[in-house]
Every structure is written in structure tokens, then in C-alpha cells.
Amino acid sequence: MPVFTTKPKPVTAADDENDFFAKGSLCAELSPWTNEKAGISFGVTIVAFTRNAVDIIDNSRLTLGHHYLLEIPRAGQEPIIMVCEITRTGRWKARAEFEMPLTDPDHEDLESRLRNMPKPRVTSKRTRALFLLFGIAGLTATLLLDSF
């Protein structure tokens, strides 16, 4: 029977691998950050985040190793503005790590926004109205045909 001699990695509060990933969809803006100045911004979608990083749907504008200014708008509050570096790119997503972790109130605010996102409608209003109208027309036709 093999004996494992490797000790398990301790869990720390700032450990990105063990941090909870909040998943959902948030709109944000990224702009290239060079010489302490922001370039022209473009819209991105954040699909997951921790205190230290965000996963962004990659639209092939992101370059590995470059710094970007991330701005996440909030209703009734100042937007969250952070400088981040692209540390991982994949086929669909890119990972951007913050230079400084999110503060607790900001992290909780973004988590609650993701948790309370409205569920997408399964059927459209038009389809629902058509089903209702066909049901009423069917009942009316049945009642009229029974009276003859």
C-alpha cells in the first residue's frame, strides 16, 4: 500500500484556488492601462470572480501580460475601478488578476448582484399570449359547436 508523503496545501484566505467563485454575468468595461493612463475602453462580460481575479469572456482584444483598467458600474454608487493584469487566456475566457484584492463591501455587493440576477424568461411574452389566445379560441369553438 503506497504511503503519501506530500502534505496537503494549507487553506489561506487569499488563496485564489480555494476562494469561492461567484458565477453569473456582469457587464463591465476594460481599457488598456499604459503609463498610468487609460486607453479607449470596450465592453466585456464578467462570468466569474473572486476577491483577487475575474474571468472575462475573451473577445480577442485581451493580450496576455498586459494591464487593463476594469470598471464595473453600480447603481447609486461609485463604480468599482481596479487595475488588473491578464494572467491566463483560453479559447473562450481570460483571467484577469487584480493588483489589489477587492474590499469586503465591494465583493459582497458584486456577489449579491450575481445572486439576485433575474432569471431569464423561458417563453417570450408573445408566445405566452399566443397560447392564451389559442386556448380561448379553442374553448369558444367547443362551446359554440356544442350548442348546435
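Caption draft 1: Geometry of the overall build of the protein chain. The number of helices and strands found in the protein chain is two helices and seven strands. Helices and strands in the protein chain line up, N terminus first, as β-β-β-β-β-β-β-α-α. Split into buried and exposed, the 148 residues of the protein chain put 28% on the buried side. Taking the contacts inside the protein chain whose residues are at least 6 apart along the sequence as the reference set, 52% of them involve residues at least 24 apart. With the model as given, the accessible surface of the protein chain reaches about 11,000 Å², and the carbon-plus-sulfur share is 60%.

Caption draft 2: Summary view of unusual backbone geometry. Phi at asparagine 35 is positive, roughly 55°, even though this residue is not glycine. Among the secondary structure elements, asparagine 35 is positioned in the loop between strand 1 (22–34) and strand 2 (37–38). Even without being glycine, glutamate 36 reaches a positive phi, approximately 60°. Position of glutamate 36 among the secondary structure elements: in the loop between strand 1 and strand 2.

Caption draft 3: Examining the nonpolar core more closely. Among the nonpolar cores identified, the biggest contains 24 residues, and Leu30, Ile46, Phe49, Val54, Leu62 and Leu70 are the most heavily contacted of them. Residue assignment for this core shows that the elements contributing at least two residues are strand 1, strand 3 (42–49), strand 4 (53–57), strand 5 (67–72), strand 6 (80–89), strand 7 (93–98) and helix 1 (104–115). Setting aside anything within four residues of it in sequence, one finds leucine 62 in contact with Leu30, Phe42, Ile56, Tyr68, Ile86 and Ala94.

Caption draft 4: Representation of the pairing of strand 7. Two elements, strand 4 and strand 7, share five bridges in a ladder whose sense is antiparallel. For valine 54, the partnering residue across the bridge sits in strand 7 and is alanine 96. Examined bridge by bridge, strand 6 and strand 7 share five bridges and lie antiparallel to one another. Across the sheet, glutamate 85 pairs through a bridge with glutamate 97, a residue of strand 7.

Caption draft 5: Spotlight on the packing of aromatic side chains. Counted under the stated rule, the structure contains one aromatic pair. Measuring from centroid to centroid gives 6.5 Å for phenylalanine 42 and tyrosine 68, while their planes differ by 85°, and the two rings are edge-to-face. Within this pair, whereas phenylalanine 42 is found in strand 3, its partner tyrosine 68 is found in strand 5, the two being separated by 26 residues in sequence. Residue classification places tyrosine 68 among the buried positions, given a relative accessible area of 4%.

Thresholds, definitions, all that
- Residues numbered from 1 in each chain as written.
- Predicted model: local features only at pLDDT ≥ 70, side-chain atom pairs only at ≥ 80, totals over all residues.
- Heavy atoms only, no water.
- Helix = DSSP H or I, 4+ residues; strand = E, 2+ residues; numbered from the N terminus.
- Buried < 20%, exposed > 50% of the residue type's maximum accessible area, 1.4 Å probe, protein only.
- Contact = heavy atoms within 4.5 Å.
- Areas by Shrake-Rupley, 256 points an atom, 1.4 Å probe, with all protein chains shown as cover.
- Core = buried A, V, L, I, M, F, W, Y, C linked by side-chain atoms within 4.5 Å.
- Pairing = 2+ DSSP bridges.
- Phe/Tyr/Trp six-rings, centres within 6.5 Å; stacked < 30°, edge-to-face > 60°.

Any functional reading would require information that these geometric values do not contain.
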